[in-house]
Every structure is written in C-alpha cells, then in structure tokens.
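# A structural walkthrough
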Amino acid sequence: MKSPGKKTTQVLAVVATPLALVALGASVYQASYAAFTGQTRNSGNEWATGSVKLTDDDNGAARFRVANMLPGDTQTKCITVTADASVPSTVKGYAINPVTSTAKLEDRVKVTIESGNGGSFADCTGFAAVGAPHVSDVPLSSIAQVNTFEAGFGGWAVPTGVSSKTYRLTWRFDTEGMTQAQVDAMQGAKTGIDMQWEMQSN
Amino acid sequence: MTATSVLDADLQRPAATPRHASEVRDWTRLAAVLLARMYRTFLLGLALIAVAPVVLGWGSYVVRSGSMEPSIQVGDVVVAKPWTEDQRVRVGRVFVYDAPAATTPHLMVHRIVELRDDGDYTTAGDANDLTDVTPLPRSDIRATAVLLVPHVGLPVTWFQTGQWLPLAAWLLLTAAAFALASRRLEGEPPRWRLLRLVRDRFSPRPPPDGPSGSGRPSGPGGSATTTHGRDGVRRSRTPLLAVASLVVVGTLASTASAGFTGHTRNSGSTWTAGPWAQPYVSAVLADAPYGFWLMDEPRGATYAADRSGNNRTGQFYGSLQLGTPGGLPRNPGTAVDNTGGRAVLGTQAVAAPSAYSIELWFRTTSTSRSYLAGFEDDRDASYSLFGSEADRSVTMESSGRLTFGTWPGRSTAITTPRPYNDGAWHHLVVTSTAGRATTIYVDGAAVASGTTSTLLSYSGFWRVGQGSIGWLNTPAFNGDLDNVAIYHSTLPATRVAAHWAAR
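This section reports on the structure supplied with the text. (Residues numbered from 1 in each chain as written. Chains lettered and ligands numbered in written order. Predicted model: local features only at pLDDT ≥ 70, side-chain atom pairs only at ≥ 80, totals over all residues. Heavy atoms only, no water.)

## Here we look at the pairing of strand 5 (residues 109–117) of chain A
Residue and element names in this part refer to chain A. So the rule is basically this: Summary of the burial criterion: residues with accessible area below 20% of their type's maximum are buried, those above 50% are exposed, and those between are partly exposed, where the area comes from a 1.4 Å probe applied to protein chains only. By definition, any uninterrupted DSSP run of H or I lasting at least four residues is a helix, any uninterrupted run of E lasting at least two residues is a strand, and each is numbered from the N terminus. Strands are labelled as partners when DSSP assigns at least two bridges between them.
Here strand 5 lies mainly inside the structure; eight of its nine residues are buried. Where strand 5 meets strand 9 (residues 161–173), eight bridges bridge the pair, whose relative direction is antiparallel. Across the sheet, the residue bridging to Glu114 is Arg168, located in strand 9. Pairing between strand 5 and strand 7 (residues 135–139): three bridges, direction antiparallel. Within strand 7, the position partnered with Ile113 by the bridge is Val135. Across two bridges, the pairing between strand 5 and strand 6 (residues 128–129) is antiparallel. Bridged to Asn117 within strand 6 is Ala128.

Below, the structure is given as structure tokens:
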C-alpha cells in the first residue's frame, strides 16, 4: 500500500465537491418527490413513530336517546374515552352538530359534565369524579357554543402511552320559571347534539 | 536501485510496519478531509436551498412535529411558494396554512385531502388516523409546498425545544468538520489569497505554504507538526463563523407544525319532549274553566295545583290520601282517595256564579249519603245554622243515585235514574243556567235534567269531598276523586261529550 499520491489526492479533491452536490440534489429531489407529489395519504398500516389515537366505548351508540321527556325528568350516563398517544398530547371535549328547535327546548335541557375514574358507557357504577365539573347545569344551547378544540372543556393532559378517562353526563329538563303555556309549547320539540373529544399533540 | 531492489525490499521488511502505519494514516487523513468537505458542501448546500428561496419571496418552514411522517420528518425544511386566491388548490398536495380556529395563530403543514361541499377543504396529516376536524377555508391557505430539504432544520427544532445536548454535539461536530474540511491537501494551490496576504503582512510567522508547497514529505513526523500548526490558525476563524451564521439563519427561519390529532365522537344524542298536555286536559282547558285541579299531587301534599292558569290553588284538609291510581285511561295521573277530607278550591272567596258547571271523576262503592262537590261560604267542615250559606251541591244518595238541588232549606232536586256506586270510574258533569235549568251528565251523556232549587247570592269557595247539605248534615264522600273542573259558565252537551271522548 502506498500513501495517496499528489495526483490521486488532487483528483479526489476535485471529485469530492461535485459528488456532494449531486448527493445534495438527489436527496432534496427525493424528499420533495416523496412528500409533495403523492396524491393520497397512508393507507393506515404504516403510521410513523409518533401517532395518536382516541377512542370511546360507545360502539357507535348515541349516549342519550330520550323520547317522551317530561318536565323534571333527569338522567345520568357515562362514557369512557381512551387515548393512545406516542407523544404527549391534550384531549378536550366539545359539541358539534347541534339540533335546534323552534320551541327552544335546548335552552331547557341543562347538562352537567364531570370527569373521573371508573364507570363505563354501559354502567356508571363506580364512577368517582376528579376535580370540579367541567360544566354545571348549563343549557344545551350554551354547550353548543363550545364547538372547537380551542374552546373545548377538559384540557386533559395525556402522557405517552394508553390512558383513559370517564365522563359523566347528567341532563335534566328544567321548566322552572316558565308559564304553563310556555311549557306546553315545548311538547313534541326535539333537540340534539353530538359530543366530540379531540386529541392534539402538544 | 533496480539491482538492489530485492535487497532493499528484504532490508526494508522489518521497517514495513511503521511505514504501513503512516500510509494508513495518510489515507485516513485524506478520506477524513474529503468527507468533511463533502459534508460541508452538503450542509451549506442544504442551508442555501432552504434559505435562498426567501430571496424570491418564498417561505421556508422548519417542520416541528411529525404527523406528516414518513414523507416529512421533524426538522425538515419545507420550501413553499406563496399561494394566491387565483391559484388552483390541488387536492392531495401539501400546503402551508394558518391553523383554522386556533387562538394562538400558528402555521400547519398538512395535506389537503378533500374539497368539501361548502367550499372549504379537509386536511390531514399523513401519519394521522383521521382527518383534521376543523375545515380549512380557502382564505387560510398560505403557500404550496414545493421543495423539501431534509433534516437541515433539525438544529432549529433542537434550539426551540431546548434539546441542548444534540444541539451542542452537532455544533461541535460541524465545527470540527468545517475545520477539517479547510485543511489544504497536497498539491492544492493555497486559497484565501487575500486573507493570506493580509495575514502575512501582519503576522511575524513564516508563510505557511512554504513546506507544504514542495509536496508531502515522506517523513510523516515533520508533515504532521507543520499541518497542525497551520490548522490551529484556521480553525478559529471560518468554521466557527460559518456555523454561527448557520445558527443565526436557522433561528430566523419560521416554523410550521404538523401536529398529531385524533378524535372520537358520540353522535346522535337527542331529547324529544313528550306530549304531556293530555287530551282530556286540553279539552277542559279549551272551555276556559274557572279552575282545574288534576289532583296529581304526590302523597302527603297539602295543596292542589290549579291547571287552568288562574292560580286558584286548592288546599287539602282532613282524612284523604293522594297518589292513588287515576281515573282516565289515556291521561296518566293520580287521584285522591277521600275518606273524610275535602279540598277547598281557591284561596280567595269569590262571588257565587249564577250560571256554572261542575265536572269531576269519581269512583265509589259507598252506600251512605255523601257530598261530591258544591259551593259554600267558608272553608271549614262544619255547618252553622246562623250565618252559614251552602248550595250548588251535588250529592250521592245512599242508593248510589246522584242528586242535584238539595241544600240547606231547599229541596227542588233532580236525581239520576240509576246508581253509580259500582266501583267504576264515572265522569260527572252538572251544568246549570242562570235560570236554574240544570242537567246532570254521567259518562258524557245527559241522564237527568230539570229546574233546581233557588240560590243565594254570597261569596264563598268551591269545594269537593265534603260539605254542608243541611243543618248538622255535612257528609263526606268515601271514594276516589280525580280531575275536578269548575266553570262559571254552562257547558254545552257537545263539550261534555268531547270531554268524555278525550278521557
């Protein structure tokens, strides 16, 4: 073996820079091509190292399907939300798709939302609230105003890993302070809402 | 030389090891310098590509989070061309946009995956399971991603997230690489002529290219010391400057996040108010009653709510029990089981009406004379001969037949032909005109009619369950009572039938 000769050194030195430039061009081109010319997203089976998943235990069933509701009626139910995060994230709840009624029934269905441990969609037994309620005795119409992640209630800080939280929802049909005629005008009125929990990485 | 070459070779063999070592060192050194140069070129090139478009008015965005992985990694720089309203938005491409509905404004890099019916777009991170929740309005789109410069923004993300260890390691490595890269190789002309001239003028040291200009000497020791000494000067200048400027440029670069999102939804919760205004109640209210007491109060209640809207709250007295099963099949509610008590209907005494109607539901098996409903000048259970007035009362005979017109001092009465103490619920209506033409309806049909006893004019209270029909004669009704309505008008037969039909 010989030490690199002058000629060899010169040739190599001259070649090195263009080589680096070619590699540079290739890598930028390749990356850009991969990222910006694809027309579709991943099919779902090759999630990257960081991903978040939020599920609930409702199996697609609506939490409340109240028919023939009478003044003074009330009901309490639970739903458990499970977060699977590979990066620390925040979960908040908010309302979407409010259904309004001309009789303003949504002003009279008042909702309390608490969160804690225990209980499930099927059965609230064992639920233990943690902290103060997120909303307390608030009409559906006000909850419908909370319709973005930014405004959402909760602010549940999810650490890396799987964690879950149960939300207890209580509603009551409150006709206090209304005249009988106003109360009667609400007969047959229908209101509704969807609850959504969203997780965003911090 | 040629003749002795074999000998030389033989002689040199023992010395081969150190000689070989120096060759390896030389090659290693060459390779290191060349690699460092390639790294320098690569890094400066990346930085240039990442930063240069800014001159054109384009934007460079360091990606902060990884929801676009694997195509865009954290620390990559997205070079994006500004987007204007007149440009097309191609679904499937990656855009830089203002995160919609965010209180703290920040830029997002995500793919637009759908044009919604309302003209907004749906965005998604490639690595997110679900699409982003908040739709993206056209006006929030800032730029179309054009070039992706890999990794070059990593120091910026390290700096912004306070990852000082990798940042320091990278800075050291880069500084070292830049220093190594600026070593002059054998046979290369001296560079930085201007700088060197200046240095030569002011420096007392000999010009550095003297020994190296004559080519690499075969003795390794001499060469090593010379180059080391020469490099000592350079290392303190350009590499650090270059790295420092890179860092400055880096911190100036704007960042865009590609955050992970997920959501879950519980849909379709609905609340439908029931028809609590019962048909019977509606039928009664349509006839504007003076008062209407459903008797639906729970057991133990002392006041009877007036459903008519006239606030004539009734009060329960004596021996009775609320909350027993009600009398109307299609109108849920409870009844009052009266044994010796009464309900006085209204809190204030009112002038006795000349035309009136009494309506109630009853059920009994009693065989003693009893008082169903009537009008009296006081609220108590007794009757005093002096100064007491009571009339307009409907009673049940011991036979179970219903009578109207028998009150203290009067006896022009009408009586139903058949008894009703059969243990079934019955609907009773008594109507009377100002001319005292009275009709008794049972179960919606008129069963007795005629002129009844004269009336007194005084102020008093309507009552049910117990009242005065003569001196010391104050019998109570023994049975269930429900849905009591009083009208200060004469109900027509059609309305009575309608009430019955709505039961």
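## Quick word on the interface of chain B and chain A
To keep it simple, the criterion reads: Throughout, a contact is declared for two residues whenever any of their heavy atoms are within 4.5 Å. Simply put, the buried area is the total loss of 1.4 Å probe accessible area from both parts when two parts are fitted together. Whenever Lys or Arg places a side-chain nitrogen within 4 Å of a carboxyl oxygen from Asp or Glu, that contact is recorded as a salt bridge. Any N or O atom pair separated by 3.5 Å or less is treated as a polar contact, with the protein-specific requirement of one donor-capable and one acceptor-capable atom, and with residues adjacent in sequence counted only for side-chain atom pairs. In this count, Pro and Cys sit with the nonpolar residues alongside Ala, Val, Leu, Ile, Met, Phe, Trp and Tyr, while Asp, Glu, Lys and Arg are called charged and the others, Gly among them, polar.
With 67 residues of chain B at the interface, the matching set in chain A holds 85 residues. A combined buried area of about 6,500 Å² lies between chain B and chain A, and 58% of that area is made up of carbon and sulfur atoms. Of the charged contacts, one joins Asp184 of chain A and Arg307 of chain B as a salt bridge, the two residues approaching to 3.4 Å between their closest N and O atoms. Along the contact surface separating chain B from chain A lie 18 residue pairs in polar contact (both at pLDDT 80 or more). If you list the elements that add at least two residues to the side of chain B that touches chain A, you get helix 2 (16–51), strand 4 (107–115), strand 6 (141–149) and strand 8 (261–273) of chain B. Residue contributions to the side of chain B that touches chain A peak at 14 residues, all from helix 2 of chain B. A per-class count over the side of chain B that touches chain A returns 33 nonpolar, 22 polar and 12 charged.

## Some thoughts on the packing of helix 3 (residues 154–161) of chain B against helix 4 (residues 164–181) of chain B
All names here are of chain B. Threshold: Here an axis means a line fitted to C-alpha atoms, over the contact stretch when the element is a helix, while the angle between two N-to-C directions is reported on a 0 to 180 degree scale. Angles are sorted into four bins: roughly parallel if under 35 degrees, roughly antiparallel if over 145, roughly perpendicular if 65 to 115, and oblique for all others. Handedness of a helix crossing follows the sense of rotation of the near helix relative to the far helix, less than a right angle counterclockwise being left-handed and clockwise being right-handed.
Between helix 3 and helix 4, whose axes approach to 8 Å, the crossing angle comes to 140 degrees. Taken as axis vectors, helix 3 and helix 4 run oblique relative to one another. Remark: the crossing between helix 3 and helix 4 carries left-handed chirality. Facing helix 3, whose interface residues are Pro155, Trp158 and Phe159, helix 4 presents Trp164, Pro166, Leu167 and Trp170. The residue makeup of the contact of helix 3 with helix 4, split by class, is seven nonpolar, no polar and no charged.

Treat this as a map of the structure, not an account of what it does.
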